[in-house]
Every structure is written in structure tokens, then in C-alpha cells.
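# What the coordinates show
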Amino acid sequence: MVERTIALANIAGIHALRGQFDEAVRLYESEVLPALERLRAEGDLAMARWVLAQILMQRGRVEEDRARIVALIGQAHQAAKRMGLPLAAEIEGLFRQAAE
């Protein structure tokens, strides 16, 4: 299951790079996040939520996706901070930049 989840996340990343954001979002929401939740892979789940938030922003429907983006970033930050992951500092840096 882990290998399949990694492969699907990589495929979603390829879709995002090609500008196929809807397919990337679909893969993350229907396959990657649920699999990581089942595996209880909290660090990977935090990173996946962060990546999905970035894909949603790139998709260009920020007004439509705003609540989902904010929720994903918040969840990613909470988990990363709790686990002492470098991702927490990265998210905090972006919060500071946005406030300036």
C-alpha cells in the first residue's frame, strides 16, 4: 500500500506539472490522503496536505478553494509543529511573509 500511495502522489505531481490540476487534486483527495490516513503516516500526511494546498492555489480558483486551502495548511502546520518537522517552520515563514 505504501508503494502504491507514493506512486499515486508522484503521478499527481506530474499532472500538476503538466497543468492538469483537477486530476492532481482528484488523486490527492480520493487516493493519497485517504491512504495516508489509513496508514497513520502523520508526517507524510502533513506533507501531502501541504502539497495539495499548493496544487489548489496553482489551479487558480483561490476564491472557490480558499476554505479548503486554509484548512489543509492549518492541518499540515499543526501536525508538523507537533512532530517537530521542518515543514512547520516553512509554513510559519509563509505566514510571516503574507502578513507583511
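Below is a short write-up of the structure. Not measured: the values here are computed from a predicted model. (Residues numbered from 1 in each chain as written. Predicted model: local features only at pLDDT ≥ 70, side-chain atom pairs only at ≥ 80, totals over all residues. Heavy atoms only, no water.)

### Topic: the environment of Asp22
To keep things clear, this is the line we draw: Note on conventions: DSSP H or I runs of at least 4 residues are helices, E runs of at least 2 residues are strands, and numbering of each starts at the N terminus. Throughout, exposure labels follow a simple rule: accessible area from a 1.4 Å probe, protein chains only, divided by the maximum for the residue type, with under 20% read as buried, over 50% as exposed, and the rest as partly exposed. The contact criterion used is simple: two residues touch if any of their non-hydrogen atoms lie within 4.5 Å. Side-chain atoms alone can form a polar contact between residues adjacent in sequence; in general such a contact is a pair of N or O atoms within 3.5 Å, and within protein one must be able to donate a hydrogen while the other accepts it.
The topology assignment puts Asp22 in helix α2 (residues 21-39). Judged by its relative accessible area of 44%, Asp22 is partly exposed. As for Asp22 and Leu39, which are separated by 17 residues in sequence, their C-alpha atoms are 25 Å apart. Apart from the residues within four sequence positions on either side, Asp22 is in contact with Arg59 and Arg61. One polar contact links Asp22 to Arg59, side chain to side chain, over a distance of 2.9 Å.

### Details of the layout of surface pockets
The following threshold applies: Space inside and on the surface of the protein is sampled on a 1 Å grid over the protein atoms alone, with a cavity defined as a set of points where a 1.4 Å probe fits but cannot get out and a pocket as an open set with protein on both sides within 12 Å along at least 5 of 7 lines; lining residues have an atom within 4 Å of a point. Grid points are joined across faces, edges and corners, and a volume is the space filled by probe spheres set on the points. Gly falls in the polar group here, along with every residue not listed as nonpolar (Ala, Val, Leu, Ile, Met, Phe, Trp, Tyr, Cys, Pro) or charged (Asp, Glu, Lys, Arg).
Computed from the structure, the largest pocket encloses a volume of approximately 210 Å³. Lining the largest pocket are 13 residues, and of these Thr5, Ile6, Ala9, Leu36 and Asp44 lie nearest its centre. Those elements giving two or more residues to the lining of the largest pocket turn out to be α1 (2-17), α2 and α3 (42-59). Considering only residue class, the lining of the largest pocket consists of 11 nonpolar, 1 polar and 1 charged.

### As for the packing of α2 against α3
Note the following rule: Lines fitted to C-alpha atoms define the axes here, with helix axes fitted over just the stretch in contact, and angles between the N-to-C directions of these axes take values from 0 to 180 degrees. Working definition: roughly parallel below 35 degrees, roughly antiparallel above 145 degrees, roughly perpendicular at 65 to 115 degrees, and oblique for all remaining angles. We call a crossing left-handed when the near helix sits turned anticlockwise from the far one by less than a right angle, and right-handed when that turn is clockwise.
Running from N to C, α2 and α3 point in directions that differ by 165 degrees, and their axes come no closer than 10 Å. Regarding the angle of α2 to α3, the classification is roughly antiparallel. Taken as a pair, α2 and α3 cross one another with a handedness that is left-handed. Judged by residue contacts, Phe21, Asp22, Ala24, Val25, Tyr28, Glu29, Val32, Leu33, Leu36 and Glu37 of α2 engage Asp44, Leu45, Ala48, Arg49, Val51, Leu52, Ile55, Leu56, Gln58 and Arg59 from α3. Here the contact of α2 with α3 is composed, by residue class, of 13 nonpolar, 1 polar and 6 charged.

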